[in-house]
Structure formats: C-alpha cells, structure tokens
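Next come the chains, spelled out residue by residue.
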Amino acid sequence: VWDYFEVADNVVMMDSYEALDRTREAHDIAKRHRANLDAAATAAAAGGAFPPPPPPPADASPLGLFTGRAARCPSAPSVGAGGGKVAVRGLGRVSYGERELDLSCVEQLVHESQTRAIADALNGLALRCLQQDPRGQLDVPGLLAAVERSLDAHGLDALAPGDHRGSYARPRPVDLAAALNRLRGAVFARSPAAQAPPPPKRPAIAASPSAGC
C-alpha cells in the first residue's frame, strides 16, 4: 500500500460516511517508508544488517491515519422505521419504512428467518435500547451488547414482545452490525466524550414510541 501512497495525487479516507482528505499524511508515510527502504538497501550493499524499522506510536494503527477514532453513537430516530411497515422481501432485501435495507452482500445470511430477526431487532429491540439512552452515549458495541443481553434474558420473544412468532433465527452481533452499517439514512454521532469534530448533520426520520429495552 505504501507504493500507491507515493504516486497518489490525492488520498481520500472514508470515516463514518465522511470523505476526508489525507493526502499530506499519506505522502509523509510514503517518505518515511522510502527512507527506510533506502537505508536498508545501503546497509545491504555495504554488507551490513538491515536496520530495524522505527516503532510506531503507541496509539497509532499501521497506517498512522486512524488514531484517536471516536465511538459512533447511532441516533434512535434514524435507526427506526419511522412507524412504517417492515417487511422481508427476500434473503437480502427488506422494506424498512420508507427505505430499502439491502443485505445482499451479507454473505453469512442463509435463510430469511435471519433477515426477519435482524430487521425486527433494528426496528424493535435496538431502537428501544437507544430510546432509553437520553444522553445519546450508547455506541455501536454497547448497543450490540445490550441487544445480546436482552436476547439472552428473554430469547427471541424480545424481538416482538407479546407476539410469539416462530419465524426467527437469532442473529449474531456481527450480522446486526452489518445491517446497521447498511441502513441508509442512519445517523451516527461522535461520542460526547471523544475529542473529535461532529459528523455532518443528516435529516433524521421520526421513530414510533415503543416499549423498553
């Protein structure tokens, strides 16, 4: 990847659906990498040992671009279907209120019972958990953990309280996260505790009130 950094005119990084210009940082990485390669080649030509690469910063990823990433906190109104109908139209397609939820690239789904459980988990159980967090500090891992706790405590009945359905297969947290990431119009705010600028505002879709998480 370093070779591409060196010749790239522009480098764009996507972060929470926001395009960020990282050209200068990428070129700096390429220069450091090139300097290390030149030093190694010089040492090898002189019969010496290859010098060890400099250690990365303690809080840096291998690319050095993803430090200090803030937690993503989903907005409850944007996660719900806005009181609209939620219907599974196939293994990878869900009519979600006024939106379409495309799960066709979530390859681990093998039966519509999984898709149905994911859709109802988003519009029901996950939405109730978010609505019970008035400060908006529940991030994606915390939301997935809350859903898991409810499913552990109440089983699949937690997806549709009072409506005993036999058409569910329990989704894994990674499946629910994949659906949440593919939900068009979902709004993710930065954690209030993180020192990072907020993402661009997007129109929110009103969600219907429901029971507790």
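Preceding this section is the structure that the text describes.
Residues numbered from 1 in each chain as written. Predicted model: local features only at pLDDT ≥ 70, side-chain atom pairs only at ≥ 80, totals over all residues. Heavy atoms only, no water.

Enquirer: Just checking my understanding: could you explain the packing of aromatic side chains for this structure?
Expert: Applying the stated criterion to the full structure yields zero aromatic pairs. A cation over an aromatic ring shows up here: R72 above the ring of F188, its NZ or CZ 4.3 Å from the ring centre. (Phe/Tyr/Trp six-rings, centres within 6.5 Å; stacked < 30°, edge-to-face > 60°. Lys NZ or Arg CZ within 6 Å of the ring centre and 35° of its normal.)

Enquirer: For this particular structure, what's the right way to read the pairing of strand β6 (residues 99-102)?
Expert: Walk down a regular strand and you will see the side chains alternate between the two sheet faces. A one-sided burial pattern is seen for β6, the buried positions being R99 and L101 and the unburied ones E100 and D102. In this structure, the hairpin formed by strand β5 (residues 93-96) and β6 is closed by a connection of two residues, where G97 is found at a positive phi of approximately 65 degrees. (Buried < 20%, exposed > 50% of the residue type's maximum accessible area, 1.4 Å probe, protein only. Helix = DSSP H or I, 4+ residues; strand = E, 2+ residues; numbered from the N terminus. Pairing = 2+ DSSP bridges.)

Enquirer: Would you take a moment to explain the pattern of salt bridges for this structure?
Expert: Charged atoms that come close allow side chains of opposite charge to pair. Inspection of the entire model under this criterion finds six salt bridges. Of the charged contacts, one joins R116 and E112 as a salt bridge, the two residues approaching to 3.9 Å between their closest N and O atoms. Pair noted here: R116 and E112 are both in helix α4 (residues 112-131), with a separation of four residues, about one helical turn. By relative accessible area, which is 23% here, R116 ends up partly exposed. Here E148 and R170 are joined by a salt bridge, their closest N and O atoms 3.1 Å apart. Here R170 lies in the loop between α5 (140-154) and α6 (173-181) and E148 lies in helix α5, a separation of 22 residues in the sequence. With relative accessibility at 22%, the residue E148 sits in the partly exposed group. Classification of R170 as partly exposed rests on a relative accessible area of 37%. Residues joined by salt bridges that share partners form a network here, namely E148, D152 and R170. (Salt bridge = Lys/Arg side-chain N within 4 Å of Asp/Glu carboxyl O.)

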